[in-house]
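If you want the building blocks of each chain, they are given just below.
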Amino acid sequence: MKKIAVCLPSYNEEDNIENITMKIDKALRSVSKNYRCVIVNCDSGSTDKTNEIFRSLKTRVKKVSILNKEKGKGVNIISFMDYCYKNNIDYAFTFDADLTSFEEEWIYKILDKLKDNDFVVPIYKRRRYEGNTTNHLMIPLIYYYYGVIVRQPIGGDYGFNKSYIKKFRKYKTDFIRGYGIDIFMFLLALKEVRVSEVSLGFKRHKPSYGKMEKIFKEVLISFDKTRKYLGDIDNISFSGEGILSIDSSLDEEFYDHYRVRDTYNFKLEESNWVLTLKKYLKYSRIDNLSEFLASFRCYTRAYWREFKDKSPEECERQIYDLAYLLKEEKVCL
């Protein structure tokens, strides 16, 4: 019988670990006639009761708790990959431990895609103020270097098979121990295996606006190092869903977080973001991370302001237009 393992990488998620674990347990129970299933909580030194709660839950499928002393999402994923390899797991999933919108059908949809693919990346509907590193950094850079539009390459909720796990262990390196793990996983998949998107509906999770700058820096550094580490990526096998990802709903939590701090009055064309990206593409290096971040900050806040009352289609078009601009135009400074 083939084996399924689901990873919940966590750090201080005591308020949601029961919710997500029990939802996954229910989903796995429905496929347990055909698969041996396990839920693996990989925790990087939580100071709250995340691990205690997880261990106490009475699930129908097997649970495993892995405690890592070092902090970082990448640390958790690496330990999960080691577990999968040692236990001969056939199909593996990673779901963020702060997910509140997980649906049972996500497991079925990803499993179905894994029949013909080795790595499955999610595509969600998300609120217009979320996914800033994805929207304004990763989408244009991936399109420029690899010629594919991937809507959520760092979505975090992945599915992959035994073949990919072996590739990961072959290539794993030290610079992916934080938030940079997702872009490393995706680019490795793009280089080595068959990749597909799967539509999972609306995603809701703990607000990450306060971590936006930390995520941006770690993802950018990881992208830069991963691209050079993996070398050229040819003969890409990628099948996309091509659906609209921005949801029409606004986000009151966003306003609460940035109402006081949002003192920037730049317009999109004044933010220097396109120029910053062009410099990076021309010289293929990060000369000044602080300036890079400042430009990104100005652009994203100008985007929030200018597209506050636009339709989801207009919001999405602006994201794609930036990618097309960088890809089609010559890099002239």
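Every value quoted in this text rests on a predicted model; they were computed, and no experiment measured them.

Draft legend 1. Representation of the overall build of the chain. When helices and strands are counted, the chain shows twelve helices and nine strands. The globule rule puts the C-alpha radius of gyration for 333 residues at 20 Å, and the 20 Å found for the chain is close to it. Split into buried and exposed, the 333 residues of the chain put 55% on the buried side. Intrachain contacts of the chain at a sequence separation of at least 6 include 84% that bridge at least 24 residues. Just so you have it, the chain exposes about 14,800 Å², and 45% of that area is on carbon and sulfur atoms. Separation between the mean location of the 58 positive side-chain charges and that of the 49 negative ones in the chain comes to 5 Å.

Draft legend 2. Structural context of the side chain of Asp96. Within the secondary structure, Asp96 is located in the loop between strand S4 (91-94) and helix H4 (105-113). Assessed through its relative accessible area of 15%, Asp96 is described here as buried. Side-chain polar atoms of Asp96 contact the side chain of Lys203, separated by 3.5 Å. The residues contacting Asp96, other than those within four sequence positions of it, are Ile20, Lys73, Gly155, Gly156, Asp157 and Lys203.

Draft legend 3. Summary view of the packing of aromatic side chains. As enumerated under the stated definition, the model contains 28 aromatic pairs in all. We note Arg169 situated over the ring of Tyr85; from NZ or CZ to the ring centre the distance is 4.0 Å. In this arrangement the basic side chain of Lys327 is found over the ring face of Tyr144, its NZ or CZ atom lying 5.9 Å from the centre.

Draft legend 4. Spatial organisation of unusual backbone geometry. The phi dihedral of Asn88 falls on the positive side, at around 55 degrees, and the residue is not glycine. Given the relative accessible area of 42%, Asn88 is considered partly exposed. Despite not being glycine, Asn235 shows a phi value in the positive range, around 55 degrees. With respect to the helices and strands, the residue Asn235 is situated in the loop between helix H8 (212-230) and strand S8 (237-239).

Parameters at a glance
Residues numbered from 1 in each chain as written. Predicted model: local features only at pLDDT ≥ 70, side-chain atom pairs only at ≥ 80, totals over all residues. Heavy atoms only, no water. Helix = DSSP H or I, 4+ residues; strand = E, 2+ residues; numbered from the N terminus. Rg over C-alpha atoms; globule rule 2.2 N^0.38 Å. Buried < 20%, exposed > 50% of the residue type's maximum accessible area, 1.4 Å probe, protein only. Contact = heavy atoms within 4.5 Å. Areas by Shrake-Rupley, 256 points an atom, 1.4 Å probe, with all protein chains shown as cover. Lys, Arg positive; Asp, Glu negative; His and termini not counted. Charge placed at Lys NZ, Arg CZ, Asp CG, Glu CD. Polar contact = N/O pair within 3.5 Å; in protein donor to acceptor, adjacent residues only side chain to side chain. Phe/Tyr/Trp six-rings, centres within 6.5 Å; stacked < 30°, edge-to-face > 60°. Lys NZ or Arg CZ within 6 Å of the ring centre and 35° of its normal.

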